[in-house]
Amino acid sequence: MAGTRRDRRRGNGLVLSRHKLKLFILFVVVIASLIFINNYLRRSAKEPIEPDHKGQQSPDFQGGQNNEQQQLEYPVNVGGGLDQNVGELSYSDDNNEVDDVVHGQDQEKEKENSREDTEGMQGIGNTGEDGKTHEAGSLQQNIETNGKSQDGKLTENSNTAMEEDREQHHDEEDENVNGVKEKQDGKETSKEGEEDKINTVDEDQTGDASKNEVNKDAEDNNKIQDQTNENKIGNAEDNLKTIQEVDKLENENKETVNAGDDEQEKKQLNGKPVIDDIQVKVQGSEEQKGQDDTVGTAAEEKTSVENLAGIQKGQNTEKQIDGINDVNKHILVVPQTSKEELKDVDQDQKDNPGGNVSPEEEKSQLEPVQDDNMIDKAAEGHNDPNELEREKEVIGMKSTEDLTNQQEENNNDLEVIQGKDDAAEQDKTNTGNDGNKELIGETGMQPVETNQVDEEHKMTDTHDVLENKGVENNVLGDNNDSEIKTDGKEELTGEGNLGNTQEKQSQEQAQVAGNSRDNLDIGGETGKDSIEAKLQGSQCVIPELSSRFDCHPEESPTQEVCEHRGCCWNPLESVHPSRNRPPDCYYPTNFPSYSGTEETYTEYGYQVNLERNTATHYGNDIMQLQMDVAMETNSRLHIKIFDPKNRRYEVPLYTPSVTHKSTSQSYTREVGKSPFSIRVKRAVTEKVLFDTSISTFIFSDQFIQISTALPSNFLYGLGENLSPLLLDLNWTNKTLWARDITPKLNRNLYGAHPFYMVMEGDGNAHGVLLFNSNAMDVIMQPMPALTYRTIGGILDFYMFLGPSPNEVIQQYTEVIGRPFMPPYWSLGFHICRYGYNSLEKTREVVEQTRAAGIPQDVQWNDIDSLDRFMDFTYDPKSYSHLPEFVDELHKNDQKYIVVFDPAISSNQPKGTYPPLDELLSDDSMIIKNVSGGLLIAQVWPEETVFPDFTNPKTMTWWTDQILRFHEKIPFDGAWNDMNEPSSFVHGSFSGCPDDNKYENPPYLPGVSGGSLINQTICMSARHKWNPHYDVHNLYGVSQSMATYGALLKLGKRPFVLSRSTFPSSGKYAAHWTGDIISTWEHMYYTIPSILNFNMFGIPMVGADICGFYGNTTEQLCQRWHQLGAFYPFSRNHNFFKANDQHPTVFSEAMQNSTKKALMTRYSLLPYLYTLFYKAHTDGTPVVRPLFFEYPKDVETYAIDKQFLWGEALMITPVLQEDAVTVDAYFPDGAWYDYHTGAKVHTGKVKLDAPLDTINLHIRGGHIIPEQVPAMTTQASRNNIFGLIVAMSYAATADGCVFLDDGETVDSIDKKLYTMITFNVSDTGISSTVLHHGYPGTESLVLDYIRVLGVAGKPHIVETNGHPLNHSYDEATQVLYITEMALPMHKPFEIKVAFS
């Protein structure tokens, strides 16, 4: 029975102090002596009696005598919260590598705050009597930092304060890149806990020895039964009171926990500090390895009053996963215990590893969590213990008792396993008696079928018990030779894959795989049919793990929830589950879905009506849908699935429409009727490109899910995030949700691009766009397949059949819009910095760069140049002469760009800030909260409002402000930053409504920060178009449209740089990859990012050269300038806390290598500009992966450390520190070294890479135009031209050049350009002027040609009978023709003859 005592103590987490134990021993000795004297002997007691000590409750009472409760200790990472030590406002982000450390927090103070917060759940968010959410932790209550008073108003010292804000906002980036990793005090706390346990061992052993001696004496004297019974009765009365108190305490706990659930799990941050990740140390109940020891005494235990007290509905089971105790994501409460009591841990706990955490586990629980996925789990809080009940309500499920005898009722003829074990059914109702029955696996619950959304659903119990053998282990899809021992213990034999075998579980495996299963008694009469035979009918046997489709994408699935969703539960043998694994809970192959009618043909294609009869677990299913299929062109198919009865939100951006179908198609399509599916094939190869029959299709109000098979593993796109070019299909997720955050591998970043491209493995390619702007996950799995999960809108698919990769992008940009034509000057080198802090420093950088002979076209200033960070202003002190400085730049043929964040300061006195006054004159131009009032957020200028760019009136207001400011500062371009939109308070200063469906969707995609409102505004905020929930991802593109339109009014070609993007952004703006870190790794990731954005239709893209955060090194910055010289958009930019990194702060050698790389760029600008012309006119990418030009060479499919400018120029940068060689791959064909003209071998080659050189190679068969470089693009444009002719093996080559003035709007439509082509034939080199509309061409001359790959010295080189100067390098086989002085606007022919 000692084991039973340990169970109770472990379950309640109470220990006796040493002092109390001595009193207990003394008391027992006295009683035993009296009993012996009275000579009243009865039989021995069945179990030791634990007297009720003075003032102490029974150990079965979880709450203990102390009604005051405390929150368990956990280290917290506060986002948007208050730094406890230094009083700075921390705008940190969950999952952010630089948010892993909260600076200056005092651990002891944090513990005290944690205890205080739990009392009444203050600081988490409570509902007051007025029904409103009171936010302990809102800025008005908690913040007194950065010059802000407690009432939420900001003091006058705003410039310095907001710089500190930005510094704190980017804490993690700065600390991470400088290698500063602070240890949280939780580790030390853990060590102290270990010492406490060690010190307790000897004390507990002494106590146990004393107890054993007393028990022995009591046995010798035969313990009087009457006294025993009397004590039992007394204890029983106390225990009955305990049960009542437990129920009362449990209800209080539920109320307390529920008060925090919405804030914790759904992350409704409402402008207050965020608990980003929680690690909970629990000494409460936990499943034991030795549960089978209690089976034989089940009958006795059921009659025990103490056991009755242990049946607690609220009892939680600890779940240890990768250092986090995931206890249903609740904030747990336990009775307060003194440090001395904690030291007096009972020896029983040491002997019971199943019930207590080990020192190592305790340490891991208190250590900071480094695993981002686990931080996500704590932040998202999907594992709600009330989730099952909510789902029951959603699907209309009956109670367990009502389900026992119900019949199968499923329109799709699903087999349902009916439970037949009354004992098992009875045990299902005894929730909480986890310690008394052995866990037995159960069969999978089958899908619920209904005819209407509100119809009562009929389900059957799924517990099936084998006769005389207990219950068969539930491993869906087990092998036929599985066995079960007659003693009730599980054992499987035979072979099978990972999902089809399950050994006897250890304690940790039981926690992970079966923590929430119902406990069943063993034995009893059972049905004769085997479970496996029924499982075969349930369609849960899926041989390939890669073919499982997740039915429980929320964190921490349980068997009970899974089966009530009608899905298959078959956990994998993994103690440490992660996202990158097959799901434990997955859809059966016959999960109820939609059925389709016959096709109805239309002018543009056909129409199919869809209907489902079964509601799903996400609620508000749209039971009737319509699918329109438009065969728009030969290579473009448009599939649209929507609600025909109720209009739903659709992306309000322009796309082309058709009125009739194409006369021919390069694709075929098939529609499955029951269940509904659609399949698209390539007509020529019959390869299946898109196939939704592989899994279930769900379309509810706020959860839409559809899956498709992929024809190969070569998948690209789906941004914006930091990742390699070729996507990983090993159970990875791409979340698309615009977010202000430091780039980190696979996290959602600044823009959303739901477009992917697949190389089909035979040289063909196709692309798919889901034109949906709601938050979504795209899950990839190695089948290969992917699954879309979006939380709003409709399914609006465009498919592009290519068949070449370049053609796919051309077809894609035909739908979303062609990229804008950049002004020529924007192709030059740009320099910027956040933190010049004065005009003098800005001017100094420009002058130093010019003096070093390094070309520069554009100078920028960041927000430190503004007056109190407000748009349309400049600092009257530090930048008082900014207008004159801009004039100086213009005189030197240089340009100037200003920053326009979308947030407008809202707390300026009336009449002092005209942009605000005019905006408030018609508040329909401002984003509102759900009540119709102004939504107040915080960005750099303190309290702010956000213009609603979806309102045409706002477009007019924005244009007026830009034009008016241009009159003060004649800037040349605009920078739209922070336009996700970003806010430093999550949601708004007044919070977001908890009862609004947009704030609490039934499914939360894997967004950084664990909440949709993290670092942005409320989802219920009102735009003219729709709630912010729908249009959040469009805010950046809407501001770009407004800014581009405003700059057009200035009469020249606009240049707009935007951080947040969406499909069609490329029509209006360029993009940079955000706040990257100064590391070699991040330098590498800029290459796949730039390649992806060229696929997304935004070819004018670059990255901050040398990195934004952290201090670069000279070598890193030198190599990065070489790479950055070949970004389409080339800009050096960094953070104010980092060291200067413009080129002239480094050595002369570094400056010379940077000059060399940039001069090479400037000489190639005619070629680059021509590529932008092609992108603007037909959508062809400017920068391309190698496989775009070599689609049949599978070796190129994963290459992302080399890239191409157009078809002809390959760039191979050095991406590793101290490297003087670099590995390269050259596909078949002729390739030449750009610098020397020498031919290189094909295949894998190791190239020399001296520190001052970047490897460039020209592809044979192409002609590249170039121009003698100068210090600016304007100066370069006046210099002589040259050609680089790279001969193919067939002695052919061609190329072209596009010429215009570089700044006229619509020069192409107005025909104000010149287009010249060049060609090599048997007789020589010639040019053809296709169009001559640019007068400036007449002053341009072609002066030299380099011909690469000439086998021998020519005998004749002449034009129009006049010989030309030439020379031949036999070693490199290069022919040089010089001093030609041929006018560019006239055709020429150069004869080259060999003897």
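Going by the structure above, here's the rest.
What counts, and where the lines are drawn
Residues numbered from 1 in each chain as written. Predicted model: local features only at pLDDT ≥ 70, side-chain atom pairs only at ≥ 80, totals over all residues. Heavy atoms only, no water. Pairing = 2+ DSSP bridges. Helix = DSSP H or I, 4+ residues; strand = E, 2+ residues; numbered from the N terminus. Contact = heavy atoms within 4.5 Å. Axes fitted to C-alpha atoms, helices over the stretch in contact; angles between N-to-C directions. Buried < 20%, exposed > 50% of the residue type's maximum accessible area, 1.4 Å probe, protein only. Arc of directions from axis to C-beta. Core = buried A, V, L, I, M, F, W, Y, C linked by side-chain atoms within 4.5 Å. Expected span 1.5 Å × (residues − 1). Patch = residues over 30% accessible without salt bridge, like charges linked within 9 Å, V, L, I, M, F, W, Y side chains within 5 Å. Areas by Shrake-Rupley, 256 points an atom, 1.4 Å probe, with all protein chains shown as cover. Salt bridge = Lys/Arg side-chain N within 4 Å of Asp/Glu carboxyl O. Phe/Tyr/Trp six-rings, centres within 6.5 Å; stacked < 30°, edge-to-face > 60°.

A. The arrangement of the sheet that holds strand S39 (residues 1101-1102) in detail. The strand order S39-S38-S37-S36-S32-S31-S30-S41-S40 describes an open sheet built from 9 strands, whose pairing is parallel. The sheet is open, and its two edges are formed by S39 and strand S40 (1104-1105), each paired on a single side. Relative to strand S41 (residues 1130-1132), S40 runs parallel, the two being bridged by 2 bridges. Each residue of the ladder has a partner; that of isoleucine 1105, found in S41, is asparagine 1132. Running at roughly 165 degrees to strand S36 (residues 973-976), helix H27 (residues 1035-1048) makes contact with S36 and strand S37 (1056-1058) of the sheet.

B. Layout of helix H23 (residues 882-891). The complete set of buried residues in H23 reads Leu882, Pro883, Phe885, Val886 and Leu889. Angular distribution of buried residues about the axis of H23 spans 160 degrees; they occupy a single face of the element. Buried residues in H23 make contact with helix H22 (839-851), strand S31 (858-860), strand S32 (895-899) and helix H25 (952-968).

C. Quick look at the nonpolar core. With 260 residues, the main nonpolar core has Trp1205 and Ile1390 as its most contacted residues. When residues of this core are assigned to their parent elements, the largest contribution, 9 residues, is made by helix H28 (residues 1080-1095). Apart from residues no more than four positions distant in its own chain, tryptophan 1205 is found in contact with Ala1125, Phe1126, Arg1161, Leu1164, Tyr1167, Leu1168, Leu1171, Val1182, Val1183 and Ile1211. Counting 16 residues, the second-largest nonpolar core is a separate cluster that includes Ile1199, Val1222, Val1240 and Val1245.

D. Examining helix H31 (residues 1165-1178) more closely. An ideal rise of 1.5 Å per residue puts 20 Å on 14 residues; H31 measures up with 20 Å between its terminal C-alpha atoms. For H31, a buried count of 10 out of 14 residues is recorded, marking the element as mostly surrounded by other parts of the structure. Regarding H31, the residues found buried are Leu1165, Pro1166, Tyr1167, Leu1168, Tyr1169, Thr1170, Leu1171, Phe1172, Tyr1173 and Ala1175. A positive phi of about 85 degrees marks glycine 1179, the residue just after H31.

E. Spotlight on a nonpolar patch on the surface. On the surface, Leu26, Val30 and Leu34 cluster together into a nonpolar patch covering about 270 Å² of accessible area. You can see valine 30 is positioned in helix H2 (residues 18-37).

F. Focus on the pairing of strand S23 (residues 714-719). Of all 6 residues in S23, 5 are buried, a share of seventy percent or more. Pairing of S23 with strand S25 (residues 753-759), which is carried by 5 bridges, proceeds in the antiparallel orientation. By the bridge assignment for S25, glycine 717 is matched with tyrosine 756.

G. Focus on the sheet that holds strand S33 (residues 904-905). Read across the open sheet, the 3 strands follow the order S33-S35-S34; overall the sheet is antiparallel. One side of each edge strand has no neighbouring strand; the edge strands of this open sheet are S33 and strand S34 (937-939). Summarising the sheet, S34 and strand S35 (residues 942-945) pair through 3 bridges and their orientation is antiparallel. Across the sheet, the residue bridging to glutamine 938 is glutamate 943, located in S35.

H. Quick peek at the packing of aromatic side chains. For the structure shown, the criterion picks out 57 aromatic pairs. Each ring, one from phenylalanine 1318 and one from phenylalanine 1388, has its centre 6.3 Å from the other, and the planes form 35 degrees; the classification is tilted. Of this pair, phenylalanine 1318 sits in strand S53 (residues 1314-1320) while phenylalanine 1388 sits in the loop between strand S60 (1382-1383) and strand S61 (1389-1393); the two residues are 70 residues apart in sequence, bridging distant segments of the chain. On the basis of relative accessible area, phenylalanine 1318 is assigned to the buried category, the value being 2%. By relative accessible area, which is 9% here, phenylalanine 1388 ends up buried.

By themselves, these observations are geometric and do not establish any function.
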